Every structure is written in structure tokens, then in C-alpha cells.
Amino acid sequence: MKRRTRLAPLLLCATIAVVAAACGSDDSSSSATTAAAPVATEAAPAATEAAPAATEAAPADTTASGGTVKIGFITKFPVDFYDTMVDAAKEWNKDNPEAEMIYAQGTSGTDDEGEIAAIESMITQGVKAIVITPTSPNVQDALQKAVDGGIKVILVDNDIPGWDGKTSLVATDNLAGGVLAGDFLKGVLKSGDTIAVLEGVAGAPSLQQRVDGFKTGLGDGFTIVASLPTDCDQTKGLDAAQDILTANPGVTAIYGACGPPILGATEAVASAGSKALLVGFDAGPDEVKSIVAGTQLASVAQFPAKMGSMGAQAALDAVNGKTVEANIDTGTEMVTKENAADFGG
């Protein structure tokens, strides 16, 4: 099960970094030392507003550089993957008290309006940089408004192809991850086997790259009998998988371009008594549990903690005039039952 099973309203809150230095650690976790000054309590999100404004906490103590740098951090919606990303950004912030982080989150993987409202709110609040996992290219105009106002924009997890306003893209190489999944499944299947694909969000470039890469890695000798969009939603993945199994009861394997739909597919496969092999993309906690249990064969692991910490660092560096790479690859790895323990299984 996801840590949150219901879609949450747009969350937007302000945090203040601690003044004293904290202990460093890896991208997944860190243990902070006791700060000389207390950590500010995060403001509670408004429950009814479509895009609530963050309640700003009291100003942080002035640093040697003359003050804090306010950075906005926007993620798509509340699932383990993005929660891990936010947690990592907060841990990073403990070691970087010169940054004041403001957080916002949409309600779904297609909540363009929610992200646009969050961007506009952060512009009003005077952020110097925005780190965002864009829902789609539809948020580009709002981000361009931010850039035109002198705000640095770091895209995380998803790109907006063709938009030159971004300072950097901090993300998985989704095409390479798709190739990894296709090549893995090719080594398991035999020539002539049939495969179905659970796509992500239609029009989302990074998710399409996972499908394109998968087909490249899979190569010839197999038949893709169906390819359906799911909006990266577990229920929609369940429904799509049921449709696939009804039309193709003997399908050999199902590939999911994101984690939640493949979890839905495990339910459909179990209900249908199918022996279809399931390969996903994300390797979130629930997927890893499914792999250990044997209901899912494998998944391509991303590293959302790296995205959170490296995205925040890129934003701070950009504001401070340091050189930031245009593309920062956070890596992928194939997770199977054999190495699931390395991913929390």
C-alpha cells in the first residue's frame, strides 16, 4: 500500500533552516546534530484552498553571506517517490542553513493547475529559485514568468523538452532506464512471447522515454499486444491490466512505465489467475515488497533521494552564481529478488 492512499490537496508550507551546522550523510538519510537555535515548525497546509499560500515563518538568522536564500520545492503529488524526494531535500537543508525551503505539492500526476498556482504563489513570496517535478509542458508559461523575473528553475525527475528557460535537469536517464527494463525482460522471455505496456501520463516526455527505451531494449522477436495510458495511477493501472488480460488472457509479460500502475496490475493478474510476468519502473517500497513476495518480477530503481538533495543543491549553486551542469543524471538500477534487500526489501 502507498503511504497515502487518498490524493491530498495541494500542500504548501514554509520551513526555516537551522542556524547551526548539521552532520552530513548520504543522499538517502542523514542524522543532524542538535542545533544552537530551534528549528522552526512547518506551517500547516490550508485544507480548502486550491492553492494555499504558505504561512511564512519568522526570518532566519542572518548568515555570513548576508541572509538566507529562499528556494521553492514543488512535487507532483503525495506518493512514496515524491515524499522521499522532499524528505531528502529537508535533510539537505539541515546541512545548508543558508537556504530557506518552501514546499508545495499537487494532488495528482496531472495536476497542472495545482502546480501553476504553486509557482505563482512562490513568485509572490520572493523565492530566488524553484525546484520542480513538472506535471507536463503545460506549466512552462508559469515557469517562464518566474525565469523572466530572475528566478532560477531546476527541473527534477521530468524534463520540458525544448524549453531553454531551465537552468538544469536533475533526473533519471529515463530512456536508459527503459532500455535496461527491455533488455532485462528480453533475457527472460523467449521469441514469440507477447507483452503489454502500461504507459504513464500521455504527453509526459520522460514517461514516453521509458516506453521508447523499453521497446529498444526489448528488440525484435516479441509482439506488443496492447499499450494503454494510466496517468501513473494505481487504480487506472488495475483497470488497464484487467482490460489487457480480458483481451489477451495468455499475455506473457506486462511492463509498467511507473510504479503505481504495475502495483494495480499485480491485483489484476492475481484475480485473473494469470502467469504474466510484471516489470515496473520506480522500485518504490511497495514494488520492492511485491518483488520479494514474488508477485512482481523486477523494477527499474530510481533514486528520488538523490533528486531531492541534488536538485536543492543545484538551485542554491545557481542562485550563488556557481556553474551548474545542464543535465545531472541520478542513475538507475534493476531490482530483482536477488538484490531487493539493498532497496529495503
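Structure shown above.
Conventions and cut-offs
- For every chain, the first residue of the written sequence is number 1, and numbering continues from 1 onward in sequence order.
- A pLDDT threshold of at least 70 governs which residues receive local features in this predicted model, and a stricter bar of 80 or more applies before side-chain atom pairs are shown or counted, although totals over entire chains, interfaces and linings include all residues.
- To get the side-chain values, take all heavy atoms of the structure and skip hydrogens and water.
- The helix and strand labels rest on DSSP assignments: H or I over at least four residues marks a helix, E over at least two residues marks a strand, and numbering proceeds from the N terminus.
- Helix span, expected: 1.5 Å multiplied by one less than the number of residues in the helix.
- Burial here depends on accessible area, computed with a 1.4 Å probe over protein chains only, as a share of the maximum for the residue type. Under 20% is buried, over 50% is exposed, and the range in between is partly exposed.
- Contacts were defined at the residue level, with two residues in contact if any of their heavy atoms lie within 4.5 Å.
- Helix axes are fitted to C-alpha atoms over the stretch in contact, other axes to C-alpha atoms as well, and angles between N-to-C directions run from 0 to 180 degrees.
- Roughly parallel means an angle under 35 degrees; roughly antiparallel, over 145; roughly perpendicular, 65 to 115; everything else is oblique.
- Crossings are assigned a handedness: left-handed for a near helix turned anticlockwise from the far helix by less than a right angle, right-handed for a clockwise turn.
- Three classes are used: nonpolar for Ala, Val, Leu, Ile, Met, Phe, Trp, Tyr, Cys and Pro, charged for Asp, Glu, Lys and Arg, and polar for all others, with Gly counted as polar.
- When a carboxyl oxygen of Asp or Glu is within 4 Å of a side-chain nitrogen of Lys or Arg, the pair counts as a salt bridge.

### Section: helix 1 (residues 80-95)
Taking 1.5 Å per residue as the helical rise, helix 1 with its 16 residues ought to reach 22 Å, and the 23 Å between its terminal C-alpha atoms agrees with that figure. By the burial criterion, the buried members of helix 1 are Asp80, Phe81, Tyr82, Asp83, Met85, Val86, Ala88, Ala89, Glu91, Trp92 and Asn93. Looking at the buried side of helix 1, the elements it contacts are strand 2 (69-75), strand 3 (99-105), strand 5 (152-156), strand 10 (277-282), helix 8 (285-293) and helix 9 (304-319).

### What about the packing of helix 2 (residues 112-124) against helix 3 (residues 140-148)?
As a packed pair, helix 2 and helix 3 sit with axes 9 Å apart at the nearest point and diverge in direction by 10°. The pairing of helix 2 with helix 3 is recorded here as roughly parallel in orientation. When you trace helix 2 past helix 3, the crossing you get is left-handed. Taken together, the residues of helix 3 that come into contact with helix 2 (itself represented by Ile116, Ile119 and Ile123) are Ala142, Leu143, Lys145 and Ala146. Residues belonging to the contact of helix 2 with helix 3 are distributed by class as follows: 6 nonpolar, no polar and 1 charged.

### Some remarks on the pattern of salt bridges
Within this structure, the stated rule accounts for 7 salt bridges. Of the charged contacts, one joins Arg210 and Asp282 as a salt bridge, the two residues approaching to 3.6 Å between their closest N and O atoms. Of this pair, Arg210 sits in helix 5 (residues 205-218) while Asp282 sits in strand 10, placing them 72 residues apart in sequence. The two residues Arg210 and Asp282 agree in class, both being buried.

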